Amino acid sequence: MDRIKIEFDAVSRNESFARVCVAAFATRLDPTLDEINDIKTAVSEAVTNAVIHGYNEQGGIIELTAAIEEDELTIVISDKGRGIDDIEKAMEPMFTTGSDKERSGMGFTFMEVFMDELSVESQPGQGTTVTMKKRIGKTEE
Amino acid sequence: MGRVCTAKRNVIIVRLCGDLDHHVTEQIRNEIDETVANEKINNIAFDFKNVNFMDSSGIGLIMGRYKKIKPMGGEIFVCNLNCQMQRIFGLFGLNGITKRNSKIDMIVNEEER
């Protein structure tokens, strides 16, 4: 197994850093351009959620690990922010808590569409961990 | 991203570039809303020619502008979408609220010369 782990400040300019970092790591699976875009988008959504919702744009630390096992990429993104009260509701398309700041409410939907597996664990007041998996090269089978 | 909006004829052209994520959308949104108010033009054309990446923040930006200008009789146009952008537009239902128009394409693309 191949693995990377990074920690970075929960600020919006690190959203691009995080997705580029995971994309660079994923290149060893020889993904297609579409697969790379899927991964970048999913990472961007999870990190953006941590910045906006986890830490309420007040900053904090985001931990990201990515691992490759055979043809599968696993990405885990965690924050120690305020957590999610109702995960099921948060994952509904178009649901958003940020009423003043036009969010599309599609973050989790993006992660679900672009990755093969998505799971979200959260404790109010403790933080949120998003785990996503994607098999690379399966479209060519 | 520097200033992205230019008003031309009856449309505000928004030249997006690079990655359209949460980090850049807030600034773009403010600039568009200011330009709409100042120029009194309700039609917006988003030029995606130089966009490499868009996540749900970009969708929020477009949906938000749509909700704002639609009641004023405006339209949202999009130009120069690459394959990746077309895919996202299709997957997330943006084709229903945005228009493509060859005349607008011409206005957007001639501006650059």
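Keep in mind the model is a prediction, meaning the values are calculated, not measured. (Residues numbered from 1 in each chain as written. Chains lettered and ligands numbered in written order. Predicted model: local features only at pLDDT ≥ 70, side-chain atom pairs only at ≥ 80, totals over all residues.)

### Looking at helix H2 (residues 33–54) of chain A
Residue pairs spaced three or four apart in an α-helix point in one direction, given the helix's 3.6 residues per turn. Residues and elements named next belong to chain A. The end-to-end C-alpha separation of H2 is 30 Å, in line with the 32 Å expected for 22 residues at 1.5 Å each. Counting buried positions along H2 gives 19 out of 22 residues, so the element sits mostly inside the fold. Just beyond H2, the residue with positive phi is asparagine 56, at close to 55°. (Helix = DSSP H or I, 4+ residues; strand = E, 2+ residues; numbered from the N terminus. Expected span 1.5 Å × (residues − 1). Buried ≥ 20, exposed ≤ 12 C-beta atoms within 10 Å, placed from the backbone.)

### Brief notes about the sheet that holds strand E2 (residues 11–20) of chain B
All names here are of chain B. Pairing in this open sheet of four strands is mixed, and the strands run E1-E2-E3-E4 from one edge to the other. Edge positions in the open sheet fall to strand E1 (5–8) and strand E4 (76–79), since each of these has one partner strand only. On average, each strand axis in the sheet is tilted by 25° relative to the strand beside it, whichever way the strands run. Relative to E2, E1 is paired through four bridges, and the arrangement is antiparallel. Looking across to E2, one finds that lysine 8 is bridged to valine 11. Most of the contacts of helix H1 (residues 22–39) go to E2, to which it runs at about 175°, and overall it touches E1, E2 and strand E3 (44–54). Contacts between helix H2 (residues 56–69) and the sheet are confined to E2, E3 and E4, with E3 contributing the most and set at about 170° to the helix. (Pairing = 2+ DSSP bridges. Axes fitted to C-alpha atoms, helices over the stretch in contact; angles between N-to-C directions. Contact = placed C-beta atoms within 7 Å.)

### Thoughts on the sheet that holds strand E1 (residues 2–9) of chain A
All names here are of chain A. Here five strands make up an open sheet; going across it, the order is E1-E2-E3-E5-E4 and the pairing antiparallel. Only two strands of the sheet have a single partner each, and these edge strands are E1 and strand E4 (117–123). Averaged over neighbouring strand pairs, the angle between their axes works out to 10° when direction is ignored. Alignment of E1 against strand E2 (residues 61–69), held across eight bridges, turns out to be antiparallel. Paired with glutamate 7 across the two strands is glutamate 63, which belongs to E2. Contacting E1, E2 and strand E3 (72–79), helix H1 (residues 14–26) crosses the sheet at an angle of about 170° to E1.

### Brief notes about the confidence of the model for chain B
Predicted confidence across chain B gives a mean pLDDT of 93, with 96% of residues reaching 70 or more. On the interface metric, ipTM, the complex scores 0.89, and its pTM is 0.92. (pLDDT = per-residue confidence, 0-100.)

### Brief notes about the interface of chain A and chain B
Across the contact, 18 residues belong to chain A and 15 residues belong to chain B. When residues of the side of chain A that touches chain B are traced back to their parent elements, those giving at least two are H1, H2 and helix H4 (107–114) of chain A. No other element matches H2(A), which puts seven residues into the side of chain A that touches chain B. Class assignment for the residues of the side of chain A that touches chain B results in four nonpolar, eight polar and six charged. (Nonpolar A, V, L, I, M, F, W, Y, C, P; charged D, E, K, R; others polar.)

### Focus: the pairing of E4(B)
Residue and element names in this part refer to chain B. Every second residue of E4 is oriented toward a common face, with Ile76 and Val78 on one face and Phe77 and Cys79 on the other, all of them buried. Relative to E4, E3 runs parallel, the two being bridged by four bridges. Opposite alanine 45, over in E4, you have phenylalanine 77 as the bridge partner. In this view, the connection linking E3 to its parallel neighbour E4 by way of H2 has right-handed handedness. (Right-handed = clockwise from strand over helix to strand, strands pointing away.)

### Focus on the nonpolar core
Within the largest apolar cluster, 63 residues are counted, with the highest numbers of intra-cluster contacts made by Ala42(A), Met111(A) and Ala45(B). In terms of residue count, the dominant contributor to this core is H2(A) (eight residues). In this structure Met111(A) touches Ala42(A), Glu45(A), Ala46(A), Leu118(A) and Met132(A), once residues within four positions along its chain are discounted. (Core = buried A, V, L, I, M, F, W, Y, C linked by C-beta atoms within 7 Å.)

### Topic: helix H3 (residues 83–91) of chain B
All names here are of chain B. For H3, the set of buried residues is Met85, Ile88 and Phe89. For H3, the angular spread of the buried residues around the axis is 100°, confining them to a single face. What points out from H3, more than 90 degrees from its buried face, is the exposed set Cys83 and Gly90. Looking at the buried residues of H3, the elements they touch are E3. Following H3 by one or two positions, glycine 93 adopts a phi angle in the positive range, close to 70°. (Arc of directions from axis to C-beta.)

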